[in-house]
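Given next are the chains, with one letter for each unit.
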Amino acid sequence: MQGFGIHASMWTMKWDRAGAERAIAGAARYNMEFIEIPLADAASVDAGHTRELLEKHGLRAACSLVLPQAAWASVRPEAAVEHLKVAIDKAALMGAEALTGVTYGGTNERTGVPPTQAEYDNVAHALGAAAKQAKAQGIQFGVEAVNRYESHLINSAEQAVALVERIGMDNVFVHLDTFHMNIEEKGAANGILVAREHLKYMHLSESDRGTPGAGNVPWDSIFAALSAIGFKGALTLESFVSMPPEMAGDISTWRPVARDEDEVMGNGLSFLRNKAAQYQLA
């Protein structure tokens, strides 16, 4: 994946036919190069319909997910493999280039104690099997580090790199997110430098998950570090303006993070594009 993209959460978190039509048309309207499609229920997605929409609007795609509790890789690795294989197959049918996100677990997965070696062994087993399936389908496979309040497993760039290197496949990459990095890294730029050659996907998300440029994320440090490593991957705006109430608990988002789409896309997108141009990343 390369270029500027946007998470479909700007318009929908439910990838049915109506949601797909609204989100893909919206991304095309803002001249995005790709869209990130959430696969909360991969089995129900009409892949042919999505593929037609992507081709119609000249958009590429990546897919993302978190695992449901019944398929958390740390405790149910075989269930995780089966869940991921369904998503990988669906992503391939849509013509997507990657499947990424919290591919190892949930966004409310915490045991109350540090992760065990057995948990990491299970995760590595499950993701290794899924990555093989992804490679056979021509799909890149990502591992996103998320903050300590969402998962106890992979919180930092260093941990994501360790998992990717343990899996040891050339289609597996590190996915970082500025929202999570702002909580977890000892300087956001350091996380990017640590991930370096494994880093292929960036979520550009503000400290409150609202409008980029209107919060506390150190954007100049982020873009300078990306420029320093010669980053050639995906830059994806992520803002949860359209977060449905029933999903609020998954990421602890209890109030509107921005006024509306116009605020995020009018101010935030132009801010990010200007930064990327300033640091010669676009």
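Look up: the structure comes first, before these words.
## Here's the deal with the packing of helix α5 (residues 157–167) against helix α7 (residues 188–195)
The relative placement of two packed helices comes down to the angle between their axes together with the axis-to-axis distance.
So, step 1. Running from N to C, α5 and α7 point in directions that differ by 15 degrees, and their axes come no closer than 8 Å. As summarised for this structure, α5 and α7 are arranged roughly parallel, according to the angle between their axes. Read as a crossing pair, α5 and α7 show a hand that is right-handed. Residues Ala 157, Glu 158 and Val 161 of α5 lie in contact with α7, whose contacting residues are Gly 191, Val 194 and Ala 195.
So, step 2. For the contact of α5 with α7, the residue count by class is 4 nonpolar, 1 polar and 1 charged.

## A closer look at the pairing of strand β7 (residues 199–204)
So, step 1. Taking burial as the measure, the 6 residues of β7 include 5 buried ones, the bulk of the element.
So, step 2. Of the strand pairs in this sheet, strand β6 (residues 172–177) and β7 are connected by 4 bridges, and their pairing is parallel. Each bridged residue has a counterpart across the sheet, and for Val 174 the counterpart in β7 is Leu 199.
So, step 3. Here β7 runs beside strand β8 (residues 234–237); their pairing, made up of 4 bridges, is parallel.

Rules and cut-offs
Residues numbered from 1 in each chain as written. Predicted model: local features only at pLDDT ≥ 70, side-chain atom pairs only at ≥ 80, totals over all residues. Heavy atoms only, no water. Axes fitted to C-alpha atoms, helices over the stretch in contact; angles between N-to-C directions. Helix = DSSP H or I, 4+ residues; strand = E, 2+ residues; numbered from the N terminus. Parallel < 35°, antiparallel > 145°, perpendicular 65-115°, else oblique. Left-handed = near helix turned anticlockwise from the far one by under 90°. Contact = heavy atoms within 4.5 Å. Nonpolar A, V, L, I, M, F, W, Y, C, P; charged D, E, K, R; others polar. Buried < 20%, exposed > 50% of the residue type's maximum accessible area, 1.4 Å probe, protein only. Pairing = 2+ DSSP bridges.

It is worth stressing that arrangement in space is one thing and function is another; only the former is reported here.
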